[in-house]
Amino acid sequence: MDQLDIDPTFESLIQYLKHSRGIDFTGYKRSSLMRRVNKRIQTVGIESYIEYQDYLEVHPEEFVHLFNTLLINVTGFFRDRSAWDYIASESVPKIIADKDGYENFRLWSAGCASGEEAYTLAIIMAEALGFEQFRERVKIFATDIDEEALNQARLGAYCSKEVTGLPEEYLKKYFDLIDNRYVFRKDLRRSIIFGRNNLVQDAPISRIDLLTCRNALMYFNAETQAKILTRFHFALNSGGILFLGKAETLLTHNHSFAPVDLKRRIFTQVQKGNLRDRLLLLAQAETPDTSNFRSNQVRMREAAFDAGISAQVVVDTNGTVVLANERARKLFDLKAKDIGRPLQDLEFSYRPVELRSRIAQVYSERRSIILKDIEWLQPNGAMHYLEVEITPLLNGTGVLLGTSISFSDISRTKQLQEALQQANQELEMAYEELQSTNEELETTNEELQSTVEELETTNEELQSTNEELETMNEELQSTNEELQTINDELRHRSDELNQVNGFLESILTSLRSAVVVLNRDLLIQIWNDKAEDLWGLRFNEVQGEHFLNLDIGLPVGQLRQPIRDCVNGEAQLSEIILDATNRRGRMMQCKVICTPLLNGQKQLEGAILLMEAIVQEEPVQQ
Ligand SMILES: C[S@@+](CC[C@H](N)C(=O)[O-])C[C@H]1O[C@@H](n2cnc3c(N)ncnc32)[C@H](O)[C@@H]1O
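Residues numbered from 1 in each chain as written. Predicted model: local features only at pLDDT ≥ 70, side-chain atom pairs only at ≥ 80, totals over all residues. Heavy atoms only, no water.

Peer 1: Explain the overall build of the protein chain here, please?
Peer 2: A tally of regular secondary structure across the protein chain gives 19 helices and 20 strands. The principal-axis extent of the C-alpha atoms belonging to the protein chain is close to 190 × 60 × 40 Å. Looking at the protein chain residue by residue over its 622 residues, the buried ones come to 38%. The centroid of the 67 positive side-chain charges in the protein chain is displaced by 10 Å from the centroid of its 97 negative side-chain charges. (Helix = DSSP H or I, 4+ residues; strand = E, 2+ residues; numbered from the N terminus. Buried < 20%, exposed > 50% of the residue type's maximum accessible area, 1.4 Å probe, protein only. Lys, Arg positive; Asp, Glu negative; His and termini not counted. Charge placed at Lys NZ, Arg CZ, Asp CG, Glu CD.)

Peer 1: Before we go on, may I ask you to explain empty space enclosed by the protein in this structure?
Peer 2: On inspection of all chains with the given rule, the structure shows 3 cavities of 30 Å³ or more. Each pocket or cavity is described by its volume, and for the largest cavity that value is around 380 Å³. If you list the elements that add at least two residues to the lining of the largest cavity, you get helix 6 (116-129) and strand 2 (138-144). Its residues placed into classes, the lining of the largest cavity shows 15 nonpolar, 9 polar and 5 charged. The volume enclosed by the second largest cavity comes to roughly 50 Å³. Residue lining of the second largest cavity: Tyr28, Lys29, Ser32, Leu33, Arg36, Leu70 and Tyr219, and that is the complete set. Counted by class, the lining of the second largest cavity contains 4 nonpolar, 1 polar and 2 charged residues. (1 Å grid on protein atoms, 1.4 Å probe; cavity = no way out; pocket = protein on both sides within 12 Å on 5 of 7 lines; lining within 4 Å. Points joined across faces, edges and corners; volume = space filled by probe spheres on them. Nonpolar A, V, L, I, M, F, W, Y, C, P; charged D, E, K, R; others polar.)

Peer 1: Got a minute to help me understand the side chain of Arg265 in this structure?
Peer 2: As for its position among the elements, Arg265 is in the loop between strand 9 (257-261) and strand 10 (266-269). It is Glu248 that comes nearest to the buried, bridge-free Arg265 among opposite-charge side chains, at 7.3 Å. In terms of polar contacts, Arg265 uses its side chain to reach the backbone carbonyl oxygen of Glu248, at 2.7 Å. In this view, Arg265 contacts Leu242, Phe243, Leu244, Gly245, Lys246, Ala247, Glu248, Thr249 and Gln435; residues no more than four positions away in its chain are not counted. (Salt bridge = Lys/Arg side-chain N within 4 Å of Asp/Glu carboxyl O. Polar contact = N/O pair within 3.5 Å; in protein donor to acceptor, adjacent residues only side chain to side chain. Contact = heavy atoms within 4.5 Å.)

Peer 1: Honestly, the packing of helix 3 (residues 49-58) against helix 4 (residues 62-70) in this entry has me stumped. Any pointers?
Peer 2: Where helix 3 contacts helix 4, the axes come no closer than 8 Å and their chain directions differ by 125 degrees. Judged on the interaxial angle alone, helix 4 and helix 3 are oblique. Of helix 4, the residues touching helix 3 (which contributes Tyr52, Tyr55 and Leu56) are Glu62, Phe63 and Leu66. Split into classes, the residues belonging to the contact of helix 3 with helix 4 amount to 5 nonpolar, no polar and 1 charged. (Axes fitted to C-alpha atoms, helices over the stretch in contact; angles between N-to-C directions. Parallel < 35°, antiparallel > 145°, perpendicular 65-115°, else oblique.)

Peer 1: Help me out: how do you make sense of the pattern of salt bridges in this one?
Peer 2: Pairing between side chains becomes possible if they bear opposite charge and their charged atoms approach one another. Taken as a whole and judged by the stated rule, the model has 24 salt bridges. A salt bridge links Asp98 to Lys94; the nearest nitrogen and oxygen atoms lie 3.1 Å apart. The class of Lys94 is partly exposed, set by a relative accessible area of 49%. Put simply, Glu575 and Lys591 hold a salt bridge, and the shortest N to O gap is 3.9 Å. Here the residue Glu575 occupies a position in strand 18 (residues 574-581), and Lys591 occupies one in strand 19 (residues 587-598), the gap between them amounting to 16 residues. For Glu575, a relative accessible area of 49% gives the class partly exposed. Look at Lys591 and you get partly exposed, because its relative accessible area is 23%. Each member of the salt-bridge network shares a partner with another, and the members are Asp80, Arg214 and Lys246.

Peer 1: I would appreciate a short explanation of the environment of Cys594 in the present structure.
Peer 2: One can find Cys594 in strand 19. Among the residues examined, Cys594 registers a relative accessible area of 1% and is labelled buried. In sequence terms Cys594 and Pro562 are 32 residues apart; their C-alpha atoms lie 7.1 Å from each other. In this structure Cys594 touches Pro562, Ile563, Cys566, Gln572, Leu573, Ser574, Ala607, Ile608 and Leu609, once residues within four positions along its chain are discounted.

Peer 1: I tried to follow the layout of surface pockets on my own but got confused; where do I start?
Peer 2: If a probe as big as a water molecule is rolled over the atoms, it shows which places are left empty. Considered as a void within the structure, the largest pocket measures approximately 1100 Å³ in volume. As for the largest pocket, its lining consists of 32 residues, of which Asn73, Val74, Ser450, Glu453 and Glu454 are closest to the centre. Residue assignment for the lining of the largest pocket shows that the elements contributing at least two residues are helix 2 (30-44), helix 4, helix 8 (147-155) and helix 16 (411-510). Among the elements that line the lining of the largest pocket, the one with the most residues is helix 16, at 7 residues. Its residues assigned to classes, the lining of the largest pocket comprises 5 nonpolar, 14 polar and 13 charged.

Peer 1: Looking at this model, I keep getting lost on the sheet that holds strand 18. Mind explaining?
Peer 2: The pairing of strands in a sheet comes from backbone hydrogen bonds and takes either a parallel or an antiparallel form. The 5 strands lie next to each other as 17-16-20-19-18, forming an open sheet whose pairing is antiparallel. Each having just a single partner strand, strand 17 (524-527) and strand 18 make up the two edges of the open sheet. Sheet twist, expressed as the average angle between the axes of neighbouring strands with direction ignored, equals 25 degrees. Sheet topology places strand 16 (residues 514-519) next to strand 20 (residues 604-613); 6 bridges connect them, and they run antiparallel. The residue of strand 20 that forms the bridge with Val516 is Leu609. Packed on one face of the sheet, helix 19 (residues 560-567) meets strand 16, strand 18, strand 19 and strand 20 and runs near 140 degrees to strand 20. (Pairing = 2+ DSSP bridges.)

Here it is as structure tokens:
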């Protein structure tokens, strides 16, 4: 766990995801994980992890959004170009050279997201081998935990923004443009096998020559990374290449991989080798000395032996000390008389380490043994460290002559080693801290990138909404312009109408007679001032009323027939004189002229009545 403050509610949420959906995030770095979950929580407008867990139970569709947020799928073709160039120019040619012409190549893109990395591998291999060899000999396994990303990867179809990392010549050579999408060549696509694989739980794919696991390891804590790396070690052939992301390295002190190019995060799998076999081979390569100056050499050898930088004692097969060089004499305080004495009589045969049983072992096994880190307490209380090597001495025919015992004082080396080890540990810790900060930064960077992508998508959506609004605006503007034209026309007509009305009204006002215009149903359409004056009713009181229903001083019933005749077109003009009473109650005789009302097409529209008092008004007789 990379965080000291463990939030039990968050851990419970992680457990819930594991049990309900089978995705185990326990090995992921908490800081990044929490940040991502918090993002979702904010989006759905919830306050706590407990509430969010409840929300997930009620809204199972939220799992998809959550996993999309947690499994950051940021990727690209030839991501970190210089590292890919190195893989293409150095690693791949070496992998090819190490194979016989008929052997297959197996590659694995672990955590392949939407597939760009797997297709990049395919392009590099096809460039190195040619299409035919590629189709026959290459298999690329591309795996991820995220099914949705895998489905995208399987399609192998990318929009123009997604192929920006691809050199133009590869785009032309490896992709077909179909419906505005760049689709990876079908014949080469068959060599790539996409599948779901959980790096933490599932068995690795085996016999791999090149394994890329880029920008996925960094989401896991150190313990889980170590577990995954053990799987990768198993997956890779001896000498196979492991290619990590630019912020990732082998955090745990790992002897299973050796760096090929540390800066570009390229490593090679190290098969735990057999050192003994290699040393034997080295020993066999040595040739015996057959010089003519033998006696001279013997003297020189003796002098060299005496001056040797390690203390050295030679014991024959009888257990007699036969030689001791200067350093040995000094170290164990040996005198000339001690040479020729049995080893067991001398103190150094049992202090600082018991020698006789080891010599017996060397005789029986006929090979050297090395005793490391032998502690030797000095009379002054200081501790010395020795390395003791006991080597069998054989003549040219393999007959045992005795043993050589050398004592190297490694106290200083030991001190230095310890100091170095400590410094190393501190350095390693500092490095790991730096590394983890680096990874954290990279994670944040990836998250930022993903946020930027989200923002870009939102922006595009906004832009398209904006465009739509803009179109609607244009449409509205054009409708508005049309309306304005219609409005202008209407206003013009209305003015004309007003003019005509004014003109008509002035005619009606100027006439001496009362004028009443009826439609075909005898409803009153026009009633001029004189009619008002004569019958005491205003136009607004009679407008639309049936003329024959009027209660005025005129016996309208007597006009029924003449009006109907006019309206039906049976009479052109009727003139009737009627006794009537005007609005002041005076009796009078009223001349009524009724004529048909014709429209512009000479069709009957109603009737016009002209009324005029023709006798002097007389007061009403009470
Ligand atoms: C940032 S992407 C890296 C994609 C690609 N390797 C690259 O570097 O461009 C990390 C990928 O790791 C995947 N991943 C996360 N946890 C995983 C797991 N436990 N097993 C397999 N893949 C996992 C995610 O789904 C995501 O697609």
